[in-house]
Structures are given as C-alpha cells and as structure tokens.
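# Summary of structural features
For reference, the chains in residue letters:
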Amino acid sequence: MATEAAIINVVARTSLWLQPHRIVLILIALGLVLAAAFFMRWDWLPQYYEMGLIGIWRSLWILAVTCVLGFLLAVPLGLAQATGSFWFAAPAKVFCTVIRGTPLLIQLWLLYYGLGSLFPQYPWIRESWMWPYLRQAWPYGVLALTLSFAGYEGEVMRGAFAGVPKGQLEAARAFGMSRWKAFRRIWLPQAIYRALPTLTGETVLQLKSTPLVATISVIDIFAVSSKVRQDTYLTYEPLLLLALIYMTITGILVFAFSRIEARIPNKVG
Amino acid sequence: MKTVLKTFAVALLLGVAAMGVAKADPVKIGVAAEPYPPFTSPDASGKWVGWEIDFIDAVCAEEKLDCVITPVAWDGIIPALTTKKIDVIASSMSITAERKKTIDFSDKYYNTPTAIIGPKDQKFGPAPADLKGKVVGVQVSTVHAVYAKKHFTEASEIKEYQTQDEANQDLAAGRLDAVQADSIALGEFLKSDQGKACCDLKGMVAPDDEVLGPGVGAGVRKEDTDLKDKINAGIKAIRANGKYDEISKKYFDFDIYGGPTQSN
Amino acid sequence: MTAADASNSGATLIDAFLSASTAGIIELLSPNPPGWGGALLVGLLHSIEIALGATCLGLLIGTGGAYGKLYGGPVVRDLLAVYTTIVRAVPELVLILLLYYAGTDLINQALTAMGYQRVDISGLAAGIAVLGFVQGAYSTEVIRGAILAIPQGQIEAARAYGMSPGLLLRRITLPAMLPFAIPGLANLWLIATKDTALLAVVGFYELALATRQAAGVTKAYFTFFFAAAVLYLLLSLFSNLIIGRVEAWSRRGMPSLKEAR
C-alpha cells in the first residue's frame, strides 16, 4: 500500500516535471546558466577556491553553534514567559521584545564596536583571561547571533509551552510525577514537538543573518565573496555564485529538517 | 491576465523610474560614506566637509561643472562608478595599475606617504620585521591592504575593515597591534582625544611604487574622456591660480601635492 | 579574582560608564549641530520612508504575485515560484548588493529596449525598489495564504453574480482576505523597518549609516549605537501599537481571535 502510493507519487512528480512548458523553462534556465558560465569571468575561481571552502565551513559552524546555543537559551526564555511569576516573565519578555525590535546589524555593532570603545577605559580587561577572546571578532558575532536566535525562538517556545494541554500536566502530576519529572518527560518534549515546524524557518532565517558578521571583520563566505569582488573588480560573478551557495545550503537545510520531521510522529498527545 | 500582469510590470518599472528621475544632469562626485578626515567627512548637519570636498568644488567651479557630492560605500565605490551610480570618484583613491585595468584616473592631486601607527606602550618600527606576529589593521580594498599583504607576510593576521575609522577604533580598543594607512589620515586620528590617549606614529613604510602608486587621482569611467580632460584642466588651473594652495593652507602647514617626480 | 573583587570591578564599570560625562552624551545627542541627534533623526526618517515605500511596493508585487500564483497560467505560476523561492533562500544582504548594482542597470536596459530614455535613479528610489522586491516575495506568500483562507463560497457567489475580475478583487477578495493577511503583513512591516539597516552596507543614508558616521566622527560608538537601538525599538513598539488597532479594525464584525481558535 505504502510502496504503491510512493510509486504513484514518484510517477506524478516526474510527469509534473515533464510538462511541456516546464521543459521550455528548464531549457531557458539551463541556457542562462550556460551563458553565465561562458560569457562571465570565472578565472578567479581556482585562486579563491580554498578560501571559499574555509568561508563556507566558518558560516556553517557559526550557524550550527548559534542555533544550538540560541535554542538552549530559548527554552528557559519561553518557559519563563509561559508560566513564570512576574519577576521571571517580565525580563524574558523585555529581552525578546528588545531583540525582536532592533536590527541585528545594530546589535552586532553595539556589541563589537560599542563595547570595544569602552575597553580603553578599563585596563584590567586587557589583563583578564578573557582578553584573548575579546580581542577577536568571532565571539561577538556568535554572541549576537545566539541572542538573536534566542529572542525569536523564545517567543515561539512561549507559545509552544502554553499550547501543551493542561490536562496532560495534570495527569502527570496525578501519576505522582514530581514537577521536574513532569516537565522533563511531558511538558518539554511536547513543547519541542510543537516548536519543531518553526525551527526550519528560524534556522533558514539564521543562515541568512550569518553574513552580517562580515561587517565586524569575521571572514565567512560572504566576506570571501566581498574579497573576490574587491580583488578582481567583478561585481556580479562572485555575488551570483554566493547566492547559489546560500540557496544550496538552504535547500540542504530544508531537506534535512523535512527528513527529521518525517521521522517524528506528527500527532503527539 | 497576462496583459494585466504585463501592464502592471511596465507601470511598476516606470513608477520606480519616475521616482528617481533627476531634473538636470549633474556630475555625481562619489565619496566614501564614512568619516575620513581631514579629506572627506560628514558633519552633524549632513554636509560633507574636508580638504578634498573643497578641492573638488574648486575644480568643478573652475570648469563650470554642476557637481553634487554623492556618498557611497567605499568597498563598492568602483562598481558604483562603472554602473553609473556616480560619475567621479574623489575619495582619496590612489592611482594604481591594478585599478587602471577597470577605471581611468585624472592626474594626481595629492600624494602623501604611508604610515604605520600602534599602541604607545609598544616600541616598534614600520619595517616588515617589526610587524612579525602582530595583528595589522587596514581598510578593505585600499593600496594599504595590498601593501600589507605583500610586505608584512610574517604578521600574525591582516584584518580588513570596511571603514578607516573602524580600524582606528579597533586599534584604540586594543584589538589591533598596528594600523597602516595614509599618513595624513592617521595623523588626524592621532590628534583626536582617542588617538592621543592610545597610540603614536611608528614611522613611514618603505616605498613600493608598484603598489602605492604615484598619488591620489579622481577616478572616472574609461569612456568618459571628456570629463577626465575637464578635471585635469581644472586641477591644472587651480594649481596655477593659487586656489589649490589657498585651500591646502586651511588644512595643512605643508605641501601635500608632493614633488613632480614621485619618490613615495 | 574573588567574588567581592568581581562585583567591585563591576560596580566601578557601571560608575565609570554613568560618570562618562552624562553632559557629554546629552551634548552628542542634541538635535542641533554640533550634536548628532538631528542627523540620527533624519536617518530615522529616511529609514521610515524606505520601509514605507518598500512595504507598499511589496504589497503591490505581493497582490499581483498571489493572483498570478492562484489564477495565472502554468508559466506565470512557475516563474513566481522561482521568484519567491530564490528571494526567500538568499540572504537579504546578498540580494540588496545584487539588486543595487544590477537593478539600475537592468531597469535602464529595459527602458532603452522599450524606447524610453535612460533614467537616473535616486538613492531613495533604489532603496525602495530593492527592499520592495524582497518584500514582494514574502507578501506574495502571505496574501496567497490569506486569499486561500477566504471561504470559497464567497468568491463563487460573486462570480455567479457576474462580477468582473476587477470588481471581484475590489469588493470581495481584498476586503475578505484582509483580516487573514494583516498579521503576516504587519510582521513584514516590522521586518522591513529592520532590513533598512542593511542598506547601510551599500552606503544608503538611513539610521544605521547615520549612526555609523556619527560614531566614527565622534568616536562615541557605544552612545550612538545604543541610541540607534532605542530609536529602532521605539519604532517597533509604536508600530505594534498601530498594528493592534488596525488588526482590531480589520476584524470588526468577526468573532474575536480567542473564540476563533
């Protein structure tokens, strides 16, 4: 039954792709790609190939680290807003509002250049163990992107925590689970299930925010493409390739998340 | 439906275009949209001031060109010129063989040496050996970035900043060990409160004409030879009639034009 | 470092920051030159102008795009799918750079091809066009979703009455989809206000660039970036206030949100 449906699905999909107008469109697209490949300048590629790979790796690394850390921060933020007393909920709400209400670029510059401009006033900072990290740019990029992800996802988690039916929690308590156990076994997993569909979108949005770190001198893939533009005086080629790279990463992310989501039973509770 | 979409598209296009139609046809003078004192710098009322602004105004007045200062991002200033967002680059851009492959330049209008500055509490010179293991800051896509990468191969890192003031700022913050840039621009920074407190001059770098070029010129599109000739004539005229010196005296107590034969 | 030391140095940090001449900060932020407050406010005004223009342009593109996606021929539908997919998969910063350099070129080439004169596109118009193009892709999806949320019977009934497509759009589709579209569109407006900051990277004069210049000239980086963050936040909070009103207005006569859920 399942395989039959799958076969029908595949046949339907291929026949969809083979509609006459699609073939024409694909041919036009292919033509454009070929034209771009032949009539634009790509001779810089071998020289920057390695730098580009390092840049992609760095972008992905920043994306992964900030998403994981941001999500870990989003859980308490969401929980505080969903249940906490005023003294927990208010700061969490203010944090989310501020992060969501200001551009990431300004947050990033405030952290990097704003804090940086205060350093000379406090000589002890330069003697502390943190200084080797504070000297570099990437910790500020990671911090700003983490806070940003936490701010947006915290709002999602608030809804997710609030959306878990009360009855489930009451049932868990009636079973004699401690508050902590009920949270760990029932509330948190269900909230995460509920938040999962938004995670794809939030992660893609986060990926699209990573190039901003190039403005504080972190050399990610965007910075590499800027470098190519400045070295070769080409405008379109590096940008088009960059767009293609981001589209590919987005595609892979969406595909990976859809696989993960498919593995999780879509009806919980 | 299709015709509706088509008219829609044309209307949109014209709408966008109409919003931007300028009445006259002024010459757009592109300057980097960042403070680069004492050459080009915005003041609090949004006006652009500095030696280079006065200079290009004098050239335009001499040649009766209707010039408007148009700030654009420094790292995109050459594409802005080639895609006709601006007509002239007057942003302390050095004339180099590399840039001449893409754009053309007027005659040079000033030429000053390149300097290295660093924190006061560290003693070192401007030679490549002195910068070994140091983090050197430069502005992106400048001759200084090219120079630093070519000569300071033993530096631990060469960090590129979008604007010069951000590089200066990171030096003051202690994130950089040295900054390489034009000596006048760095001198202006060292005169500021922040510069006085943190840094001092380490010296001038060794000349490299191939990289640093014969001085600063106005960038124009290769096909705009008329405009280039006019600017050249203007520069010659204000050098001859004393206007150039008059402007320079307002800002400097020495001659920034540099000798006729280039040594740095 | 002991805990006492840490709290001490923390306290001195705060002390020093507060005493970092409050008078100096007020002077820097004063709206009259040599204070940079005025420059910041002009920047904010430009940001709002660009965001307003971009949202309106985005709405136009979005309405057209949603109609094309729902009722257009197969080719139109595919092209629109390509447009929305690409725009939503590529960082805004990259799109802004691409469109900023390519956009003017393409418009001029298109106009020359259609027999019009080359035009000179001002910074403001280019900024609006670039952000509007990006917003258009998101609006297309929001409006498409909203149109699909209209009970189909309403549109069928209108067709049965013999309404022309234009009248149908004006009298039925647009008003009926509004309550469904407004939350999404409001979100897009908030994104637009924040995305204007990205234009600073290509050198548009708006709040972020004004801030960067003010900070660069005065070296008071912390003060100015903080002030800019406050201005953006105020803009967002004020927008939220208005959006709440508009949402209530557009849903008038409908069951309240809580009941609908």
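Residues numbered from 1 in each chain as written. Chains lettered and ligands numbered in written order. Predicted model: local features only at pLDDT ≥ 70, side-chain atom pairs only at ≥ 80, totals over all residues. Heavy atoms only, no water.

## Looking at the UniProt feature "domain: Solute-binding protein family 3/N-terminal" (unreviewed entry) in chain B
Following the UniProt record, the feature "domain: Solute-binding protein family 3/N-terminal" (unreviewed entry) maps to residues 28-255 of chain B here. In residues 28-255 of chain B, the share of helix is 37% and the share of strand is 25%. The end C-alpha atoms are 28 Å apart. (UniProt positions renumbered as here; feature names shortened; annotations may be inferred. Helix = DSSP H or I, 4+ residues; strand = E, 2+ residues; numbered from the N terminus.)

## As for the interface of chain A and chain C
Opposite the 37 residues of chain A that make contact, chain C presents 40 residues. In total, chain A and chain C occlude about 3500 Å² of area from one another, counting both sides; carbon and sulfur atoms represent 79% of this. Considering only the side of chain A, the residues that lose the most area to chain C are I106, W109 and K208 of chain A, jointly responsible for 17% of the buried surface there. The tally of links from chain A across to chain C stands at two salt bridges. Where D78 of chain C meets R22 of chain A, a salt bridge forms, and the shortest distance between an N and an O atom there is 2.5 Å. Linking chain A with chain C are nine residue pairs in polar contact (both at pLDDT 80 or more), by the criterion used here. The element that contributes the greatest number of residues to the side of chain A that touches chain C is helix α5 (residues 104-118) of chain A, accounting for nine residues. Among the residues forming the side of chain A that touches chain C, the class breakdown is 24 nonpolar, nine polar and four charged. (Contact = heavy atoms within 4.5 Å. Buried area = accessible area lost by both parts, 1.4 Å probe. Salt bridge = Lys/Arg side-chain N within 4 Å of Asp/Glu carboxyl O. Polar contact = N/O pair within 3.5 Å; in protein donor to acceptor, adjacent residues only side chain to side chain. Nonpolar A, V, L, I, M, F, W, Y, C, P; charged D, E, K, R; others polar.)

## Quick notes on the state of the cysteines
Counted according to the given criterion, the structure contains two disulfides over all chains. In this model, C60 of chain B is linked to C67 of chain B through a disulfide, with the two sulfur atoms separated by 2.0 Å. An S-S torsion of about -85 degrees defines the bridge between C60 of chain B and C67 of chain B as left-handed. Cysteines bonded in chain B are numbered consecutively along the chain; their disulfide partners then correspond to 1-2, 3-4. Not engaged in a disulfide, the cysteine C67 of chain A finds its nearest cysteine sulfur in C96 of chain A; these two sulfurs lie 16 Å apart. The class for C67 of chain A is buried, based on a relative accessible area of 11%. (Disulfide = S-S within 2.5 Å. Buried < 20%, exposed > 50% of the residue type's maximum accessible area, 1.4 Å probe, protein only.)

## Details of unusual backbone geometry
All names here are of chain B. Here P37 and P38 are connected by a cis peptide whose omega angle stands at 0 degrees. One non-glycine residue, K64, lies in the positive phi region at around 55 degrees. Within the secondary structure, K64 sits in the loop between α2 (51-63) and β4 (67-72). The class for K64 is exposed, based on a relative accessible area of 75%. The backbone phi angle of K84 is positive, close to 65 degrees, even though this residue is not glycine.

## Examining a nonpolar patch on the surface
Residue and element names in this part refer to chain A. Taken together, the side chains of W17, L18, I23, I26, L27 and L30 define a hydrophobic patch exposed on the protein surface, amounting to about 610 Å² of accessible area. With four residues, the top contributor of residues to the nonpolar patch is helix α2 (residues 20-39). In this fold, L27 is placed in helix α2. Taking the relative accessible area as the measure of exposure, L27 reaches 54% and is therefore exposed. (Patch = residues over 30% accessible without salt bridge, like charges linked within 9 Å, V, L, I, M, F, W, Y side chains within 5 Å. Areas by Shrake-Rupley, 256 points an atom, 1.4 Å probe, with all protein chains shown as cover.)

## What to know about the environment of A240 of chain B
Along the chain, the position of A240 of chain B falls in helix α10 (residues 225-240). Here the alpha-carbon distance between A240 of chain B and P38 of chain B, two residues 202 residues apart in the chain, equals 23 Å.

## Some remarks on helix α4 (residues 74-89) of chain C
With 16 residues, α4 of chain C extends 22 Å from end C-alpha to end C-alpha; this agrees with the ideal 22 Å at 1.5 Å per step. Where α4 of chain C is concerned, the buried positions are V76, D78, L80, Y83, T84, V87 and A89 of chain C. (Expected span 1.5 Å × (residues − 1).)

## Describing the UniProt feature "transmembrane region" (unreviewed entry) in chain A
Residues and elements named next belong to chain A. Mapped onto the present numbering, the UniProt feature "transmembrane region" (unreviewed entry) falls on residues 23-40, 60-80 and 239-260. Taken end to end, residues 23-40 is 94% helix and 0% strand, and its two terminal C-alpha atoms sit 25 Å from one another. Annotated as residues 239-260, this span is 100% helix and 0% strand, and its ends, taken at the C-alpha atoms, are 31 Å apart.

## Points about the interface of chain A and chain B
How big an interface is tends to be expressed through the accessible area that disappears when the partners come together. Facing the 20 residues of chain A at the interface are 23 residues of chain B. Both faces combined, the contact of chain A with chain B buries some 1800 Å², and carbon together with sulfur accounts for 46% of it. Connecting chain A to chain B are one salt bridge. In this structure, R135 of chain A engages D177 of chain B in a salt bridge whose closest nitrogen and oxygen atoms are separated by 2.9 Å. Seen at the junction of chain A and chain B, the total is eleven residue pairs in polar contact (both at pLDDT 80 or more). Among the secondary structure elements, those contributing two or more residues to the side of chain A that touches chain B are α5, α7 (131-134) and α11 (221-232) of chain A. With four residues, α5 of chain A is the single largest residue contributor to the side of chain A that touches chain B. Looking at the side of chain A that touches chain B, its residues break down into ten nonpolar, six polar and four charged.

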